[in-house]
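# Analysis of the macromolecular model
One-letter residues, chain by chain:
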Amino acid sequence: MAQDSNVVEIKKQIQDDNFKWYVLSVVSGQEQLVIDNMKERVQKQWLSEDVVDYLSPIVNEYSMKKGEKVIKQKKLYPGYVFFKSRMNDKIWYVIRNTPGVRLIVWAETRPVPVEDYEYENIISQIKKSQERSDLKIPYKEWDVVLLKTWDFKWMKWSIKTIDTEKWTVIVNIEMLGRLTPVVIDADKIELMW
């Protein structure tokens, strides 16, 4: 009988019926594969009502390469996956034994959820990162560039200011013996190496 009570205590060792966010350390580069594996395992174990959301934040980063606008996806937290779940022994077992999962962050004997304020900070960081990455001009002020248009084609000038919202730069061009600021689209210049 004493053994049965110990077994019951072990089964109820982890029990939290509130949905909370948890963080997994996973094999870097396999974040989406881990999420897909978790979804499949959760569904097979009839736990879809317990594990309700997954997150591996990715933002688009825009830049210019050889005069072309290039979109590149960037992982904000490489090597980490977030999931929202109730927590009990069965869920913990299924999650931590998913291929690609190294460990549940902050979990030694039992998983510790992310605090609400920490999750809000993460979401805020994702939004800020997305806003910053919406438009990225690969030049900085005082870079020496070559103009690729107009009568000044292939002449060297330095960038005075950059306007990321309009995707333009202002360069000083020498006209009639004096420097004149001219607004040029960022794709109409090329960095002088």
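Heads up: the structure comes first, above all this text.
Note that the structure is predicted; figures quoted are calculated from it, not measured. (Residues numbered from 1 in each chain as written. Predicted model: local features only at pLDDT ≥ 70, side-chain atom pairs only at ≥ 80, totals over all residues. Heavy atoms only, no water.)

On to the overall build of the protein chain. Each helix and strand in the protein chain was counted, giving four helices and eleven strands. Long-range pairs, those at least 24 residues apart, make up 63% of the contacts in the protein chain with a sequence separation of at least 6. (Helix = DSSP H or I, 4+ residues; strand = E, 2+ residues; numbered from the N terminus. Contact = heavy atoms within 4.5 Å.)

Core analysis: the largest hydrophobic core is formed by 19 residues, its most contacted members being Leu24, Met38, Val42, Tyr54, Phe83 and Ile95. Contributing elements (two or more residues each) for this core: strand S1 (15-26), helix H2 (31-44), strand S2 (51-55), strand S5 (80-88), helix H3 (89-96) and strand S6 (101-104). Those residues in contact with Phe83 that sit more than four places away from it in its chain are Lys20, Trp21, Tyr22, Leu24, Met38, Val51, Asp53, Tyr54 and Ile95. Counting 15 residues, the second largest nonpolar core, distinct from the first, contains Trp167, Val169, Ile173 and Val182. (Core = buried A, V, L, I, M, F, W, Y, C linked by side-chain atoms within 4.5 Å. Buried < 20%, exposed > 50% of the residue type's maximum accessible area, 1.4 Å probe, protein only.)

What the five strands build is an open sheet, ordered S10-S9-S8-S7-S11; its pairing is antiparallel. Pairing within the sheet leaves two strands with one partner each, and these edge strands are strand S10 (178-185) and strand S11 (189-191). Adjacent strand axes in the sheet meet at a mean angle of 45°, parallel and antiparallel pairs treated alike. Here strand S7 (residues 144-147) pairs with S11 via three bridges, running antiparallel. By the bridge assignment for S11, Leu147 is matched with Ile189. (Pairing = 2+ DSSP bridges. Axes fitted to C-alpha atoms, helices over the stretch in contact; angles between N-to-C directions.)

Another aspect to go through is the environment of Tyr80. Relative to the assigned elements, Tyr80 resides in strand S5. Look past the residues within four positions of Tyr80 in its chain and what remains in contact with it is Val23, Leu24, Ser25, Val26, Glu31, Ser56 and Val105.

Below, the discussion takes up H2. End to end, H2 covers 20 Å across 14 residues, agreeing with the expected 20 Å (1.5 Å per residue, within 8%). Along H2, the positions that sit buried rather than exposed are Glu31, Val34, Ile35, Met38 and Val42. Buried residues of H2 fall within an arc of 100° about the axis and therefore sit on the same side. For H2, the exposed residues lying more than 90 degrees away from the buried face are Gln43 and Lys44. Positioned one or two residues after H2, Trp46 has a phi angle of 60°, which is positive. (Expected span 1.5 Å × (residues − 1). Arc of directions from axis to C-beta.)

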